[in-house]
Amino acid sequence: MREEEVEGLRIAIFGTGPRLIVAVHGITASLMAWAAVARRLPPEWSLVAMDLRGRGHSRDLPGPYGLPRHADDVLRVAEHVGAGPDAVLTGHSMGAYVAVLAAARRPFDRVVLVDGGLPFPSPAPDADVDAEIEATLGPAIARLSRTFATPEEYVAFFRAHPAFVGQWTAEVEEYVRYDLMGPSGALRSRAVGEAVREDGRWLWVNGESVGASLAAIEAPTTVLRAPRGLLNQDVGMLPDELAATWTARVPGLRDELVPDCNHYTILFDDRCASLVADRLTR
């Protein structure tokens, strides 16, 4: 892995192959969310991941945030690394929605949406959007208001996350430790709470905009869905009914359920990460 900066955005390039994949991470994540998939790519491929503004080593980039701003950043990174129309664009979770907005604006060879990218039904007018974000993300957002005495305490917090119980790997730990910053005794996540909440609000109320962008993508597009959710619950973030709705609306949108994984392990479990790598390069 080699690292660069693009106008303050930290990017990492995994691999040395000439074929390019541009990858976008989720709402509280970092570029290291893609490391396990990148390491399972064929040698002729490279994967370019970035820390979105307000996350990872791009945390100091200012707002406004919101998914259109991230899509601008993604396209800037794609241009910087020379990703032409034969490149693949992918995103996980919120990153899949960012990928949808970006792919509607310029050509890619294909687009792969990993457990995200399908618009949700509009919320009720009186819905408490911030409360819904807190409930949906659970420990992933709760950690943003906490400090930790040691790196080991932070790792232990993540080990107790329902999605990772019994699913811990060295690559998950690498991802978790990358996210940590601050002085000893007051360590905290690199993700900026304001950025996470602003992005969550945008996503919650702009389903129609995402849907229009999804329909405008000209490249072949695949959705890879996890059957279990963010907290390892039995219903995934993109349930069957939602997938059926959008595959009916968008001709050529391909839906695939990845067996026996949750919203996070779809990128970290060896079998699931290998499947994602295969679908990116097939």
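Residue indices follow the written sequence of each chain, beginning from 1 at its first position. Under the rules for a predicted model, residues below a pLDDT of 70 receive no local features and side-chain atom pairs below 80 are neither given nor counted, while totals for whole chains, interfaces and linings still include all residues. Hydrogen atoms and water are omitted, and side-chain values are computed over all heavy atoms in the structure.

**Q** I would appreciate a short explanation of empty space enclosed by the protein in the present structure.
**A** Where empty space is left can be seen by rolling a probe of water-molecule size over the atoms. Put simply, the grid is 1 Å and covers the protein atoms alone, a cavity is a trapped set of points that fit a 1.4 Å probe, a pocket is an open set with protein on both sides within 12 Å along at least five of seven lines, and lining residues have an atom within 4 Å of a point. Grid points are joined across faces, edges and corners, and a volume is the space filled by probe spheres set on the points. Overall, the coordinates contain three cavities of 30 Å³ or more when judged by the stated rule. By volume, the largest cavity amounts to about 110 Å³. Taken together, 14 residues line the largest cavity, and the ones lying closest to its centre are Gly26, Ala29, His92, His263 and Tyr264. Throughout, the ten residues Ala, Val, Leu, Ile, Met, Phe, Trp, Tyr, Cys and Pro are labelled nonpolar, Asp, Glu, Lys and Arg are labelled charged, and all others, Gly among them, are labelled polar. Across the lining of the largest cavity, the residue classes break down as nine nonpolar, five polar and no charged.

**Q** Where do I start with the nonpolar core in this structure?
**A** Most often, soluble globular proteins have nonpolar side chains that are buried together. Ranked by size, the top nonpolar core spans 106 residues in total, and within it Phe14, Trp34, Leu47, Leu89, Leu118 and Leu214 carry the most contacts. Working definition: helices are DSSP H or I runs of at least four residues, strands are E runs of at least two. Numbering for both runs from the N terminus. Here this core gets nine residues from one element, more than from any other, and that element is helix H3 (residues 94–103). The criterion used for residue contact is that any of the two residues' heavy atoms lie within 4.5 Å. Contact partners of Leu214, with chain neighbours within four places excluded, come to Val100, Leu113, Gly117, Leu118, Pro119, Trp246, Val250 and Leu253. Nonpolar cores were defined as sets of buried Ala, Val, Leu, Ile, Met, Phe, Trp, Tyr and Cys residues, with membership established by side-chain atoms within 4.5 Å. Categorising residues by exposure relies on relative accessible area from a 1.4 Å probe, with only protein chains included: less than 20% of the type maximum marks a residue as buried, more than 50% marks it as exposed, and the intermediate range marks it as partly exposed.

**Q** I tried to follow the side chain of Arg228 on my own but got confused; where do I start?
**A** Counting through the fold element by element, Arg228 comes out in the loop between strand E9 (221–225) and helix H10 (240–249). Residue Arg228 is classed as buried on the basis of its relative accessible area, which comes to 18%. At 3.2 Å, the side chain of Arg228 forms a polar contact with the side chain of Asp260. Once residues within four sequence positions are removed from consideration, Arg228 is found in contact with Gln233, Asp234, Val235, Gly236, Asp260, Cys261, Asn262 and His263. N or O atoms closer than or at 3.5 Å make up a polar contact, with two conditions inside protein: a donor-capable atom paired with an acceptor-capable one, and, for residues adjacent in sequence, both atoms drawn from side chains.

**Q** Hey, could you run me through unusual backbone geometry in this one?
**A** With the exception of glycine, the majority of residues adopt a negative phi angle, and the majority of peptide bonds are in the trans configuration. A cis amide bond links Gly63 with the next residue in sequence, Pro64, at an omega value of 5 degrees. Here Asp115, not a glycine, exhibits a phi torsion of approximately 50 degrees, which is positive. Counting through the fold element by element, Asp115 comes out in the loop between strand E6 (110–114) and helix H4 (129–137). At Asp260, a residue that is not glycine, the phi angle is positive and equals roughly 55 degrees.

Functional significance is not addressed by these values, which are geometric in nature.
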